[in-house]
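Residues per chain are reported as follows:
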Amino acid sequence: MLVLGIESSCDETAAAVVRDGRQILSSVIASQIELHKPWGGVVPELASREHLAKIGPVIDDALQRAGCRLDDIEAIAVTQGPGLIGSLLVGVCYAKALAFSLEIPIVGVNHIEGHVYSVALENPPVKYPALALIVSGGHTNIFHITEPGKYKVVSRTRDDAAGEAFDKVAKMLGLGYPGGPIIECLAAGGDQGRIRFPVAKISDGTPDLSFSGLKTAVARYMREHMITPATAGTEVSDEIRHLAAGFQTAVVRSLAGTLEKLAIKLRSRTLIVAGGVACNEALRASVQEIADRVNLPAYFPSKHLSTDNAAMIAAAGYFHLDRGETSDLTMTADISLRLQNVENIDDKLKQAKVKYRL
Ligand code: KG4
Ligand code: ZN
């Protein structure tokens with residue numbers, strides 16, 4: 001089955017043609033990074049306008065690279081949520097119009113499930129139960145996946161997403177946007193043992209994560225040691241490189257350490273790490289070390305498939321289409337879509353009073 005995937009949840013307009021949920025015939029991504037850079041983060045209004053301008057050409061390009069015509073497409077998979085409402089609506093409306101005119105099925109895909117399926121495109125089949133760390137600018141969750149399509153969140157960030165922490169710390173240090181790749185690059189030239197930041201613990205005993213205290217700890221360190229942020233056009237100081245290394249090490253220790261504990265406790269058979277922060281080599285190396293230690297396969301998407309893309313949406317969409325699950329044309333964008341259909345305790349956790357200790 002040839003599926004056209006469409007993704008527009010945040011700041012990438014993407015389209016891909018994927019055969020049977022595994023073979024990528026084309027994957028085109030129009031990134032808006034340059035557009036948002038001057039503002040140091042994604043401006044939702046600008047994002048949706050840019051999606052409108054790019055969606056047609058990006059889909060045409062994906063079809064052309066795949067060597068097929070619209071008539072060859074057998075189904076459409078589109079990101080339904082979570083994400084920015086204006087951005088999501090562009091993809092969803094375009095996809096519905098295409099499906100209606102071509103008279104083919106459409107399926108709305110959860111963006112986070114898309115990230116989970118990003119590893120299905122280049123790795124051997126996943127063995128269940130699997131443990132998936134989905135770590136990006138907007139989300140940081142660990143899912144216990146008992147069987148395909150069954151997700152239980154076993155660890156979540158109680159405040160910032162890990163990618164968000166990378167972006168905010170980069171901003172504090174006077175570095176550019178997005179912060180993750182810049183911090184990774186500077187950390188490689190710093191000493192990771194020079195400045196040690198502790199890993200946050202949640203007082204209610206859950207294996208949940210927290211990154212906002214770490215961000216505050218970096219700000220405090222800068223104040224106490226009178227470290228001034230980097231300025232454009234000048235060489236970045238060694239102190240900032242050490243800070244970047246110390247911060248990255250703390251984030252990686254927190255993510256990888258939690259993953260290891262849960263993998264042992266839940267007797268996972270595959271480890272999955274996906275989402276924008278999965279581009280980080282230090283995180284990959286640390287998870288690979290764990291995987292070797294506990295004797296499990298660890299699957300990471302290649303960098304093109306780690307950040308937002310439409311091939312992963314087509315792969316997740318194929319899984320649902322293959323089970324006969326489709327959406328009708330009343331389907332619409334849903335910014336608060338959650339990926340959790342087993343024992344959801346989010347509401348209970350929101351009401352609980354917890355303390356964060358660094
Ligand atoms: O998955 P993604 O493209 O978009 C969201 O769904 O959020 O992830 C973007 C996030 C940004 O916060 C970015 O700073 C982070 O992924 N990121 C990285 C790296 N590359 C991207 N974080 C750490 N190290 C990297 N190499
Ligand atoms: Zn994403």
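As the structure is a computational prediction, the values presented were derived from the model and not from experiment.

Q: Can you walk me through the site of ligand 1 in this structure?
A: Taken together, 19 residues are adjacent to ligand 1, and Gly 137, Asp 167, Gly 180, Glu 184 and Asn 280 come closest. Interatomic distance of 2.7 Å between a side-chain N/O atom of Asp 167 and an oxygen atom of ligand 1. Between ligand 1 and Asn 280 there is a distance of 3.0 Å, counted from a nitrogen atom to a side-chain nitrogen or oxygen. Only α4 (111–117), α5 (162–172) and α6 (179–187) provide two or more residues apiece to the shell around ligand 1. Looking at the shell around ligand 1 residue by residue, the class counts come to 5 nonpolar, 11 polar and 3 charged.

Q: Just to check I follow, could you spell out helix α2 (residues 44–66) for this structure?
A: Across its 23 residues, α2 extends 31 Å between first and last C-alpha, which sits within 8% of the 33 Å expected from 1.5 Å per residue. For α2, the set of buried residues is Ala 47, Ser 48, His 51, Ile 55, Gly 56, Val 58, Ile 59, Ala 62, Leu 63 and Ala 66. For α2, the elements touching its buried residues are β1 (2–7), β2 (12–19), β3 (23–31), α1 (33–36) and α3 (85–102). Just beyond α2, the residue with positive phi is Gly 67, at close to 70 degrees.

Q: I keep staring at the sheet that holds strand β8 (residues 151–156) and nothing clicks. Help me out?
A: Each strand in a sheet pairs with another by means of backbone hydrogen bonds, the pair being arranged parallel or else antiparallel. Sheet architecture is open: 5 strands sit in the order β8-β7-β6-β10-β11, paired in mixed fashion. Two strands close off the open sheet at either side, each with one partner strand: β8 and β11 (298–299). In terms of strand pairing, strand β6 (residues 130–135) meets strand β10 (residues 270–274) through 5 bridges, oriented parallel. Its bridge partner being in β10, Leu 133 is matched across the sheet by Val 273.

Q: Which parts of the structure should I look at to understand a positive patch on the surface?
A: A contiguous patch of positive charge on the surface is contributed by Arg 196, Lys 201, Arg 253 and Lys 261. Among the secondary structure elements, Arg 196 is positioned in the loop between α6 and β9 (201–202). Accessibility expressed as a relative area gives 62% for Arg 196, which makes it exposed.

Q: In this structure, what is going on with the coordination of the zinc ion (ligand 2)? I would like to understand it.
A: Tetrahedral coordination by four donors places them ideally at 109.5 degrees to one another around the metal; octahedral coordination by six donors ideally gives 90 or 180 degrees. The protein atoms that coordinate the zinc ion (ligand 2) are His 111 (NE2), His 115 (NE2) and Asp 308 (OD), at distances spanning 2.1 to 2.2 Å. Considering all 4 donor atoms around the zinc ion (ligand 2), angles at the metal cover 93 to 145 degrees and the coordination shape is irregular. Along the chain, the residues that donate to the zinc ion (ligand 2) are spaced as H-x3-H-x192-D. Of this pair, His 115 sits in helix α4 while Asp 308 is found in the loop between α10 (303–306) and α11 (311–322), placing the two residues 193 residues apart along the sequence. Asp 308 matches His 115 in its accessibility class, with the two residues each being buried.

Rules of the game
- Residues numbered from 1 in each chain as written.
- Chains lettered and ligands numbered in written order.
- Predicted model: local features only at pLDDT ≥ 70, side-chain atom pairs only at ≥ 80, totals over all residues.
- Heavy atoms only, no water.
- Near = heavy atom within 4 Å.
- Polar contact = N/O pair within 3.5 Å; in protein donor to acceptor, adjacent residues only side chain to side chain.
- Helix = DSSP H or I, 4+ residues; strand = E, 2+ residues; numbered from the N terminus.
- Nonpolar A, V, L, I, M, F, W, Y, C, P; charged D, E, K, R; others polar.
- Expected span 1.5 Å × (residues − 1).
- Buried < 20%, exposed > 50% of the residue type's maximum accessible area, 1.4 Å probe, protein only.
- Contact = heavy atoms within 4.5 Å.
- Pairing = 2+ DSSP bridges.
- Patch = residues over 30% accessible without salt bridge, like charges linked within 9 Å, V, L, I, M, F, W, Y side chains within 5 Å.
- Areas by Shrake-Rupley, 256 points an atom, 1.4 Å probe, with all protein chains shown as cover.
- Salt bridge = Lys/Arg side-chain N within 4 Å of Asp/Glu carboxyl O.
- Lys, Arg positive; Asp, Glu negative; His and termini not counted.
- Charge placed at Lys NZ, Arg CZ, Asp CG, Glu CD.
- Donors = N, O, S within 2.8 Å, 3.2 Å for Na, K, Ca; no water.
- Tetrahedral: all angles 85-135°; square planar, octahedral: opposite > 155°, others 65-115°.

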